[in-house]
Amino acid sequence: MSASRRSGTTDELGPQEPERDGADLLAALLDGMDAALCAFDADGVVTHWNREAERILGWTAAEAVGRQGFAGWAVRPADAEEVEGGLLSAMQAPGRQVHEFALLTKDGGRVLVRTQSAAVPGPDGKPAGVYCAFSEVHAQIDLERSIALSEALFDDASWGVVLVDADLRPAVVNAHAARAFGAGRTAVLGRPLGELLAQGVEELESALTHVLAEGAPPAPAEMWVAVRTAEGEQRRCWRSGFLRLASPLAEEPVPLGVGWLFQDVTEAKQTEQEAALLRFRTNQLHRAARAAAECEDPAEAASVHLDFALAGFADHALIDRVAGGAVPDGEGPVRLVRAAATPSGAPGPSLPAGRAGLPVRYADGHPALQCVERIGSVRASAGAARAGAGAIEPERAREWAVARQWPPDSVHALCAVLRSRGRTLGVVTFLRGASRTQFERLDATYAEDVAVRIATALDLGEALGGRG
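It should be emphasised that the depicted structure is a prediction, and the values quoted were computed from it without experimental measurement.

### With respect to helix H10 (residues 266–292)
Its 27 residues give H10 an end-to-end C-alpha distance of 38 Å, which sits within 8% of 39 Å, the value for a rise of 1.5 Å per residue. Among all positions in H10, only Thr266, Lys269, Arg281, Gln284, Leu285, Ala288 and Ala292 are buried.

Quick look at the structure:
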């Protein structure tokens, strides 16, 4: 088709329709397309500008065609070189080139566009210019960013991410969360939380239900849980945040589940708890020392130390004195006499056991006797026999305690030796019931501190001529 317009003529076929100029046809095609289109000649001068380009940027074809590149009107001066270089580079590169640029609208706004440009060959086959198609990409970029964020959260995040459905079952978990549960990512999906956690399930499910009904809480929550693993139950503290998920496609919010993000803060919480516990116990020791200083009877002073030590530490306590008052290190078997004990079965202060001096019938290997022999603390427990999750068999525990001359509800014991001036004066024993955990090393240190104060009080009584 000729590039120039010809006048109509008549031949044997009848009158001819005027042939449209090629430039007019090209302009009509460009204007009818949904994409914004423009073209540049080899010098970077704008040669074409369609209606969609006008709509996006606000510049008309009359205002755009004939301008040298985008500098000074459609891009910021600081970006002009980069934009022009990116567009015109298509003349030296094969295929289409894709770029993202920030362009300026006529009213001064900025719009992010994605361009696809390619060379336009001339009659000699050499590049004669560049055509460029561009469109706004805010929605596309937002979608890609959302997808990239989701993939990063589920692959590379250093905290657990779990999508919980409306039935409170994991629908998607990331690698970190799967490791925290001690299972593979697919093995966790669709299982009730009670199969994954031995403790803390009720609190977690309550939080998830609240989020589904009311929305996310204003601050993260710290939850202690026990995770079921192949190696046994592991107690962990998870700092958790929650997000209610709703479908963006529905007119009314339709709950899809809950986004649960958590981070393991067990070590930090344990350190914090140990520091708080140490402060409390130190304060108890100071209070006990002040109260014991008011006691005239050394036995009463010893029982005051015992009472203050019990708070938050144990359920029962008792003091056994070495028969005869004291025994030097390295001497043979000793006999122990009950000096004081907390009431069994009822609350109240520790009570002196009287002055009858009858020895306690401890069997060989009793923890109190071991404590004297080793001159160090001894821990004992009724064992790990289970009647259910986390529960020691009551009958077996009772038999264990009675056989050792302790209150029948005792399950865990900690014995600390009473020593003063290089001599062993006796043993203090702390006892816990089934509702408490076993004694730990930190507990043994505290018991030894209490034992020093009790031994000092008893030794002072002997030095003054009394017998505690």
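### With respect to the sheet that holds strand S7 (residues 127–136)
Pairing is antiparallel across the open sheet formed by five strands, whose spatial order is S4-S3-S7-S6-S5. At either margin of the open sheet sits one strand with a lone partner, and together these are strand S4 (46–49) and strand S5 (97–104). When the angles between neighbouring strand axes are averaged without regard to direction, this sheet yields 30°. Inspection of the sheet shows strand S3 (residues 36–41) paired to S7 by six bridges, in the antiparallel sense. By the bridge assignment for S7, Cys38 is matched with Cys132. Where helix H4 (residues 77–88) meets the sheet, its contacts fall on S3, S5, strand S6 (110–121) and S7, and the angle it forms with S5 comes to roughly 150°.

### Description of the packing of aromatic side chains
Scanning all chains against the criterion turns up 16 aromatic pairs. When the centroid spacing of 5.6 Å and the interplanar angle of 50° are considered together, the rings of Trp49 and Trp73 count as tilted. With Trp49 in strand S4 and Trp73 in the loop between helix H3 (61–64) and H4, this pair connects stretches of sequence that are 24 residues apart. Neither Trp49 nor Trp73 differs from the other in exposure class; each is buried. With centroids separated by 6.3 Å and ring planes inclined at 70°, the aromatic side chains of Phe181 and Phe262 adopt a geometry described as edge-to-face. Separated by 81 residues along the polypeptide, Phe181 in helix H6 (residues 175–181) and Phe262 in strand S13 (residues 255–264) bring together distant segments of the chain. Residue Phe181 shares its accessibility class with Phe262, and that shared class is buried. Put simply, the rings of Phe40, Trp49, Trp59, Phe70, Trp73 and Phe134 touch in pairs and so form one group of aromatic residues. When the ring centre of Phe439 is taken as reference, the NZ or CZ atom of Arg432 above it lies at 4.0 Å.

### Here's the deal with the sheet that holds strand S12 (residues 232–246)
Strand order in the open sheet made by the six strands is S9-S8-S13-S12-S11-S10, with antiparallel pairing throughout. Strands with a single pairing partner mark the edges of an open sheet, and in this sheet they are strand S9 (170–173) and strand S10 (197–199). Within the sheet, the average angular offset between the axes of one strand and its neighbour, ignoring direction, is 40°. Alignment of S10 against strand S11 (residues 221–229), held across two bridges, turns out to be antiparallel. Bridge assignment links Gln199 to a residue of S11, and that residue is Ala226. The strands touched by helix H9 (residues 201–214) within the sheet are strand S8 (160–164), S10, S11, S12 and S13, with S12 carrying the most contacts at an inclination of about 5°.

Calculation rules
- Here, residues in each chain are numbered from 1, in the same order as that chain's written sequence.
- The predicted nature of this model means local features are confined to residues of pLDDT at least 70 and side-chain atom pairs, given and counted, to a pLDDT of 80 or more, with totals for whole chains, interfaces and linings taken over all residues.
- Neither water nor hydrogens contribute to the side-chain values; these are computed over all heavy atoms in the structure.
- Counting from the N terminus, the helices are the DSSP runs of H or I reaching at least four residues and the strands are the DSSP runs of E reaching at least two.
- Expected span, for any helix, means 1.5 Å times one less than how many residues it has.
- Note on exposure labels: buried denotes an accessible area under 20% of the residue type's maximum, exposed denotes more than 50%, and partly exposed covers the range between, all computed with a 1.4 Å probe on protein chains only.
- A pair of strands is labelled paired if DSSP reports no fewer than 2 bridges between them.
- Lines fitted to C-alpha atoms define the axes here, with helix axes fitted over just the stretch in contact, and angles between the N-to-C directions of these axes take values from 0 to 180 degrees.
- Whether two residues touch is decided by their heavy atoms; if any such pair falls within 4.5 Å, the residues are in contact.
- Stacked, edge-to-face and tilted labels apply to pairs of Phe, Tyr and Trp rings (six-membered ring for Trp) whose centres lie within 6.5 Å, assigned for plane angles under 30 degrees, over 60, and everything in between, in that order.
- Lysine NZ or arginine CZ positioned within 6 Å of the ring centre and within 35 degrees of the ring normal marks a charge as sitting over the ring.

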